[in-house]
Amino acid sequence: MPQIIFLPHSELCPDGAVLDVEEGTTVLDAALKNGIDIEHACEKSCACTTCHVIVREGFDSLDESDELEDDMLDKAWGLEPESRLGCQAVMKDENLVVEIPKYTVNQVSEAH
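Residues numbered from 1 in each chain as written. Predicted model: local features only at pLDDT ≥ 70, side-chain atom pairs only at ≥ 80, totals over all residues. Heavy atoms only, no water.

### Things to note about a negative patch on the surface
Moving on, step 1. On the surface, Glu64, Asp66, Glu67, Asp70, Asp71 and Asp74 cluster together to form a negatively charged patch.
Moving on, step 2. Given the relative accessible area of 33%, Asp70 is considered partly exposed. (Patch = residues over 30% accessible without salt bridge, like charges linked within 9 Å, V, L, I, M, F, W, Y side chains within 5 Å. Areas by Shrake-Rupley, 256 points an atom, 1.4 Å probe, with all protein chains shown as cover. Salt bridge = Lys/Arg side-chain N within 4 Å of Asp/Glu carboxyl O. Lys, Arg positive; Asp, Glu negative; His and termini not counted. Charge placed at Lys NZ, Arg CZ, Asp CG, Glu CD. Buried < 20%, exposed > 50% of the residue type's maximum accessible area, 1.4 Å probe, protein only.)

Okay, here's the thing in structure tokens:
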């Protein structure tokens, strides 16, 4: 079973996390299921950038982003070449190392 290794984030997972994840699960769903409360203001519909993550390892194992995701990512804070929306990045059979950016463009953080 592939793993997602979340690098430490001062608020969401201070110690980092290693999650066993089934193929076909999005990075966002895996995080939420394991108590890592990544923002997702649009409820996973690829209509915002609050679930922006940076895939530090394993990026090439993911399907390519589509035009809609790329358009959304253009608005993300701290965009990098390995940026993806957590709601669109679907696990394959390779491990991922993921960084959650310190900031989002969301003005107000809402608990879901």
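Now that the structure has been shown, we can carry on.
### Regarding the sheet that holds strand E4 (residues 83-85)
Pairing between sheet strands relies on hydrogen bonds along the backbone, with the strands arranged either parallel or antiparallel.
Moving on, step 1. In space, the five strands of this open sheet follow the order E2-E1-E5-E3-E4, with mixed pairing throughout. Every other strand in the sheet has two partners, leaving strand E2 (17-20) and E4 as the edge strands with one partner each. Adjacent strand axes in the sheet meet at a mean angle of 35°, parallel and antiparallel pairs treated alike.
Moving on, step 2. Where strand E1 (residues 3-6) and E2 come together, four bridges link them in antiparallel fashion. Of the residues in E2, the one forming a bridge with Ile4 is Leu19. (Pairing = 2+ DSSP bridges. Helix = DSSP H or I, 4+ residues; strand = E, 2+ residues; numbered from the N terminus. Axes fitted to C-alpha atoms, helices over the stretch in contact; angles between N-to-C directions.)

### A closer look at the nonpolar core
Moving on, step 1. Among the nonpolar cores identified, the biggest contains 26 residues, and Ile4, Phe6, Val27, Ile36 and Ile38 are the most heavily contacted of them.
Moving on, step 2. For this core, the secondary-structure elements that each account for two or more residues are E1, E2, helix H1 (27-33), strand E3 (52-57), helix H2 (67-73) and strand E5 (96-99).
Moving on, step 3. If one sorts the elements of this core by residue count, H1 sits on top with four residues.
Moving on, step 4. Contact partners of Ile38, with chain neighbours within four places excluded, come to Phe6, Leu12, Leu28, Ala31, Leu32, Thr50, Cys51, Val53 and Ile100. (Core = buried A, V, L, I, M, F, W, Y, C linked by side-chain atoms within 4.5 Å. Contact = heavy atoms within 4.5 Å.)

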